[in-house]
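Residue-level structure breakdown
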There are 2 protein chains.
Amino acid sequence: MTLLNEVTARYPEAISFAPGRPYEDWFDVESVHTYLDAYLAHLAKDRGFGPEEVRTTLFQYGRTKGIIHDLVARTLANDEDLHVDPEALVLTVGAQEGMLLALRALIADREDVLLVSAPCYVGVTGAARLLDIAIELVPEGAHGPDPARLAEVAERVRAAGRRPRAFYVVPDFANPSGVSMTVPAREEMLRVAAEQDLLIIEDNPYGFFAHDQVARPTLKSLDRAGRVIYLGSFAKTCFPGARLGYVVADQEVHGPGGRRGLLADELAKIKSMTTVNTPSLSQAVIGGMLVHHDYRLRPANAGTTAFYTRSMSALLAALEDAFPPAERARLAVGWNVPEGGFFLVVRVPFTADEAALERCARDYGVLWTPMHGFHPGGGGERELRLSCSYVPPDAVAEGVRRLAAFVRDAAR
Amino acid sequence: MTLLNEVTARYPEAISFAPGRPYEDWFDVESVHTYLDAYLAHLAKDRGFGPEEVRTTLFQYGRTKGIIHDLVARTLANDEDLHVDPEALVLTVGAQEGMLLALRALIADREDVLLVSAPCYVGVTGAARLLDIAIELVPEGAHGPDPARLAEVAERVRAAGRRPRAFYVVPDFANPSGVSMTVPAREEMLRVAAEQDLLIIEDNPYGFFAHDQVARPTLKSLDRAGRVIYLGSFAKTCFPGARLGYVVADQEVHGPGGRRGLLADELAKIKSMTTVNTPSLSQAVIGGMLVHHDYRLRPANAGTTAFYTRSMSALLAALEDAFPPAERARLAVGWNVPEGGFFLVVRVPFTADEAALERCARDYGVLWTPMHGFHPGGGGERELRLSCSYVPPDAVAEGVRRLAAFVRDAAR
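Keep in mind that this is a model prediction, so the values were computed, not measured.

Residue and element names in this part refer to chain A. Annotation of chain A at the domain level lists domain 1 (2–20 + 301–410) and domain 2 (29–300). Centre-to-centre separation of domain 1 and domain 2, based on C-alpha positions: 29 Å. Residue-level contacts link 25 residues of domain 1 with 28 residues of domain 2. Buried surface at the junction of domain 1 and domain 2, summed over both partners, amounts to about 2100 Å²; 58% is from carbon and sulfur atoms. On the domain 1 side of the interface with domain 2, the three residues burying the most area are N301, E339 and F374, jointly 32% of the side's total. Along the contact surface separating domain 1 from domain 2 lie 1 salt bridge.

Once that is clear, we can look at the interface of chain A and chain B. Counting residues at the interface gives 57 residues for chain A, matched by 57 residues for chain B. Carbon and sulfur atoms make up 60% of the area that chain A and chain B hide from each other, which totals about 5100 Å². On the chain A side of the interface with chain B, the three residues burying the most area are A:F59, A:Y61 and A:M273, jointly 17% of the side's total. Our enumeration of links across chain A and chain B arrives at 2 salt bridges. Linking B:R55 and A:D25 is a salt bridge whose minimum nitrogen-to-oxygen distance equals 3.3 Å. The interface formed by chain A and chain B includes 35 residue pairs in polar contact (both at pLDDT 80 or more).

Moving on to unusual backbone geometry. Of the consecutive residues A:N175 and A:P176, the connecting peptide bond is found in the cis state with omega at 15°. Structurally, A:P176 is set in the loop between β6 (163–169) and α8 (183–195). The peptide bond linking B:A118 to B:P119 adopts the cis configuration, its omega dihedral lying at 5°. The topology assignment puts B:P119 in the loop between β3 (112–118) and α6 (122–130). With a phi close to 70°, A:V276 is a non-glycine residue in the positive phi region. Take A:V276: it is sitting in the loop between α10 (263–271) and α11 (280–292).

Quick look at the pattern of salt bridges now. By the definition in use, this model includes 56 salt bridges over all chains. When the shortest N-O distance is used, the salt bridge between A:E87 and A:R63 registers 3.1 Å. Here A:E87, found in the loop between α4 (69–80) and β2 (89–93), pairs with A:R63, found in the loop between α3 (51–59) and α4; they are 24 residues apart in sequence, far enough to count as distant. Residue A:E87 is classed as partly exposed on the basis of its relative accessible area of 35%. According to the relative accessible area criterion, A:R63 is partly exposed, its value standing at 29%. Two residues, B:D172 and B:R186, come together in a salt bridge whose shortest N-O distance is 2.5 Å. Of this pair, B:D172 sits in the loop between β6 (163–169) and α8 (183–195) while B:R186 is found in helix α8, placing the two residues 14 residues apart along the sequence. Considered together, B:D172 and B:R186 belong to a single accessibility category, that of buried residues.

Residues and elements named next belong to chain B. The strand order across the open sheet formed by 4 strands is β12-β13-β16-β15, and the pairing between neighbours is antiparallel. Of all strands in the sheet, those with a lone pairing partner are β12 (334–335) and β15 (369–370), marking the two edges. On the sheet, helix α13 (residues 302–322) packs against β12, β13 (343–347) and β16 (383–387) and is oriented at approximately 15° with respect to β13.

Our focus in this paragraph is the relation of the copies chain A and chain B. Superposing chain A onto chain B takes a rotation of 180° combined with a translation of 0.0 Å along the rotation axis, leaving an RMSD of 0.0 Å. Each copy turns onto its partner about a two-fold axis. Of all interface residues in chain A, 100% are interface residues in chain B too; the two copies therefore contact each other through one and the same surface.

This part is about the side chain of A:Q96. Tracing the backbone through its elements, the reader meets A:Q96 in helix α5 (residues 94–106). Residue class for A:Q96 comes out buried when judged on its relative accessible area of 3%. Non-local contacts of A:Q96, meaning those with residues more than four positions away in its chain, are made with A:Y121, A:G123, A:A127, A:R243, B:S272, B:M273, B:T274, B:T275 and B:V276.

This part takes up α4(A). Residue and element names in this part refer to chain A. With 12 residues, α4 extends 16 Å between its outermost C-alpha atoms, agreeing within 8% with the 16 Å of an ideal straight helix rising 1.5 Å per residue. For α4, the complete set of buried residues consists of H69, L71, V72, A73, T75, L76, D79 and E80. Remark: D81 follows α4 within two positions and exhibits a positive phi of approximately 50°.

All names here are of chain A. Spatially, 8 strands are ordered β2-β9-β8-β7-β6-β3-β4-β5 in an open sheet, and the strand pairing comes out mixed. Two strands in the sheet have a free side with no partner beyond their single neighbour: β2 and β5 (144–145). Relative to β5, strand β4 (residues 134–141) is paired through 2 bridges, and the arrangement is antiparallel. Bridged to E140 within β5 is P145. Across the sheet, α5 lies against β2, β3 (112–118), β6, β7 (199–203), β8 (228–233) and β9 (244–248), angled at about 120° from β2, the strand it touches most. Against the sheet, helix α6 (residues 122–130) makes contact with β3, β4 and β6, and its axis sits at roughly 160° relative to β3, the strand it touches most.

In terms of nonpolar packing, the biggest core is built from 96 residues, with A:F239 and B:F239 touching the most fellow members. Sorting elements by how many residues they give to this core places helix α2 (residues 29–45) of chain A first, with 7 residues. Once residues lying within four places of it in the same chain are set aside, the contact partners of A:F239 are A:F27, A:F234, A:V285, A:I286, A:M289, B:L58, B:F59 and B:L281. Counting 70 residues, the second-largest nonpolar core is a separate cluster that includes A:A166, A:I229, A:A249 and A:L263.

For the rest of this paragraph, the subject is the UniProt feature "domain: Aminotransferase class I/classII large" (unreviewed entry) in chain A. UniProt's entry tags residues 69–403 of chain A with the feature "domain: Aminotransferase class I/classII large" (unreviewed entry), counted in the numbering of this structure. Annotated as residues 69–403 of chain A, this span is 41% helix and 20% strand, and its ends, taken at the C-alpha atoms, are 45 Å apart.

Next up on the list: α8(B). Residue and element names in this part refer to chain B. If you check α8, its first and last C-alpha atoms are 19 Å apart, about what 13 residues at 1.5 Å a residue would give, namely 18 Å. Within α8 the residues assigned to the buried category are A185, R186, M189, L190, V192 and A193. Looking down the long axis of α8, one finds its buried residues gathered within 160° of arc, a one-sided arrangement. Looking at where α8 begins, the residue whose side-chain oxygen comes 3.1 Å from the main-chain nitrogen of A185 is T182.

Here the focus is the pairing of β3(A). Residues and elements named next belong to chain A. Most of β3 sits out of view: 7 of its 7 residues are buried. Residues D112, L114, V116 and A118 of β3 are buried on one face, and the alternating residues V113, L115 and S117, pointing to the opposite face, are buried as well. Sheet analysis places β3 next to β6, joined by 5 bridges and oriented parallel. Within β6, the position partnered with L114 by the bridge is A166.

By secondary structure assignment, the location of A:D25 is in the loop between β1 (15–16) and α2. When its relative accessible area of 47% is taken as the criterion, A:D25 is described as partly exposed. A sequence separation of 367 residues divides A:D25 from A:P392, and the C-alpha atoms of the two residues are 9.3 Å apart. For A:D25, the side chain forms a polar contact with the side chain of B:R55, separated by 3.3 Å.

Let us now look at the packing of aromatic side chains. Using the criterion set out here, one finds 40 aromatic pairs over all chains in the structure. Judged by centre distance (4.8 Å) and plane angle (75°), the rings of A:F239 and B:F59 are edge-to-face. Of the two residues, A:F239 sits in the loop between β8 and β9 while B:F59 sits in helix α3 (residues 51–59), which places them in two different chains. One exposure class covers both A:F239 and B:F59, and it is buried. Centre to centre, the rings of B:F350 and B:F406 are 5.4 Å apart; their planes meet at 85°, and the pair counts as edge-to-face. Of this pair, B:F350 sits in the loop between β13 and α15 (354–364) while B:F406 sits in helix α16 (residues 396–411); the two residues are 56 residues apart in sequence, bridging distant segments of the chain. This pair shows no difference in class: B:F350 is buried, exactly as B:F406 is. An aromatic cluster of three or more residues is present, and its members are A:Y23, A:W26, A:Y206, A:F209, A:F307, A:Y308, A:F342 and A:F343. Above the face of the B:Y390 ring, B:R21 is positioned so that its terminal group lies 5.3 Å from the ring centre.

Conventions adopted
- Residues numbered from 1 in each chain as written.
- Chains lettered and ligands numbered in written order.
- Predicted model: local features only at pLDDT ≥ 70, side-chain atom pairs only at ≥ 80, totals over all residues.
- Heavy atoms only, no water.
- Domains from an automatic or database assignment.
- Contact = heavy atoms within 4.5 Å.
- Buried area = accessible area lost by both parts, 1.4 Å probe.
- Salt bridge = Lys/Arg side-chain N within 4 Å of Asp/Glu carboxyl O.
- Polar contact = N/O pair within 3.5 Å; in protein donor to acceptor, adjacent residues only side chain to side chain.
- Helix = DSSP H or I, 4+ residues; strand = E, 2+ residues; numbered from the N terminus.
- Buried < 20%, exposed > 50% of the residue type's maximum accessible area, 1.4 Å probe, protein only.
- Pairing = 2+ DSSP bridges.
- Axes fitted to C-alpha atoms, helices over the stretch in contact; angles between N-to-C directions.
- Least-squares fit on C-alpha atoms with pLDDT ≥ 70 in both.
- Expected span 1.5 Å × (residues − 1).
- Core = buried A, V, L, I, M, F, W, Y, C linked by side-chain atoms within 4.5 Å.
- UniProt positions renumbered as here; feature names shortened; annotations may be inferred.
- Arc of directions from axis to C-beta.
- Phe/Tyr/Trp six-rings, centres within 6.5 Å; stacked < 30°, edge-to-face > 60°.
- Lys NZ or Arg CZ within 6 Å of the ring centre and 35° of its normal.

Shown next as structure tokens:
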């Protein structure tokens, strides 16, 4: 991604379908003060903290598992119908730290293997590389990873004398592919996880942004067998600058001397070696945002969701305009139509690598992301990811016109 | 440390010499607003940012190496006479993340070994454990680690067919021992590092808090050969709730294809797999604090330093009172007299483990930290660490009286 960021940085004037950043026109600098004060008032009013306790909470080292676990648990109940013990939550420095902690906690032996959907978000493959964890790929179809393929891969790994330990998946509007799992496939995946003795690491940064505004059930909410570890993020539903995420890890584990505890406490022990605790400042501001929105981020994001829905519709309409059906077939150009989220994938008739991106940025003034970087086992060489999240609405059509011109020239 | 925190949490009314937390009476909740505004004003005024750029800086994903690198570099020049390229800085989620990044960047092969001073801060041994890095111990003397012992250990490691790669050390007022290196020993240690081809990871959380208010030269400021990676922290000089630290990694490295870069950029690549970037909120508030104090934290901490100096003096005086010389000899009780910082070590004539701590907390109402947890190779069983940083000044004498009563009873 470093090279990619360098290319992006060299062309600041280009229309950019590259970053998975949230749109930012609705951010308001003054709101940080408002949210911080809302959290401090909550501590005083709802929890009965005196001024000294409020001060300690904001300024000192805090609880390793976090200080707004109660507020997040309340919000998850409202937004996702997910009812979890606040003690099973670990607030993390972005979902990225959550991935790192979960991988380190779950995968302890050299023969353990992490299964990931392919194409796959680079954050989890990066965390696996950092920890020297072996991965195996479960290819995605049009509706995300197929549970039957997951079972096949798990069995193949076991037949090779290794242990398939966990499977990482983004069921809603995945990054980079944009695809989503159907509800029956979610149920089936939980059945396969039980059958294959797999844990599931469910990552859900985009779940709010469904075009039909209908909430999909998370794997975690369907899970009755304690198979799912859930990674949450406030980067897209609040804002990235807080770098706040969380893990729900309510599995019971047995520690030294037979002591029973929660997997969350194992994650906390590991967190004491990565960042000690998540900044109180970030938790206070996001906590205040949760209080301010009455512990309901989904309705608070209704405008955001409508924006991304319009933006993706505009992007799809512009692609239809730019590539009439006959030309589409002739050039072998195509794309998927996601049900929500930030991303879609365009197939092109040439190698869409960093060199192509550089030419496209320089000569056509438009940016995108090569897909091959999301395929740790190879693949995606003739695909590119477009993001609708960060591009100004009035630039979408022009951006796609420029992209189409580049595709036609590159296909020659 | 988990068990220790549990004991501490069970006795909230006890007088506590246990935590390495900064004293907090001078923290003021309103100051967070002031510092945040100071940073935003700095962006507008000194850097010419428009309102949209200011908003993006605060709310969006940021630069992996951080956004206040320029302000930190300016402050280091003023406070430590350390002149570094801002591009060689990586802002981290506490010094803990800095340790993790540095260890992962420096120690790549199975035969590489990290040398650490013993007793040793648990954060670095924890990070090494997380990454499966082998450590070897360099015992401390009354003035910290002896460079000659460092050379011996490095040679022994090399003779065993492994590579001594780096040495972790806190030259000023170490945690847990409180000891400091002399200036000639610092010079000699740099000579040994060059001779043994070792890098030095210098961690400096307590350097400001010298009783004589005279700044010791950091190893980094004495280093002319690019041997020292410097870890800084704002937890004690600003406040812990921002969880902000940094690494100075100005070594030149050669990347793929012979591209030259800074070690800081290698750390940033690893950081993209741990936390992606350090919260902008934390950087904005600490950045505002640096601006507010005219890029000089040392004078801004003069009152803090005077407080810790008085607190340690009171602690030492109370120990002298509680253990008259004759009894001290009879009981084989003793302690060191640090030149600054938070910590000192008391030798006692019994096993000072968690069980002893529990009895002392329950029956005598005073808390401390067993030293054996800081000795990964064993040792320190009859020693305890006292911290002068968090105990209210009017409780020091009474706390030591209680401790002395416990020591006398436990020695029977």
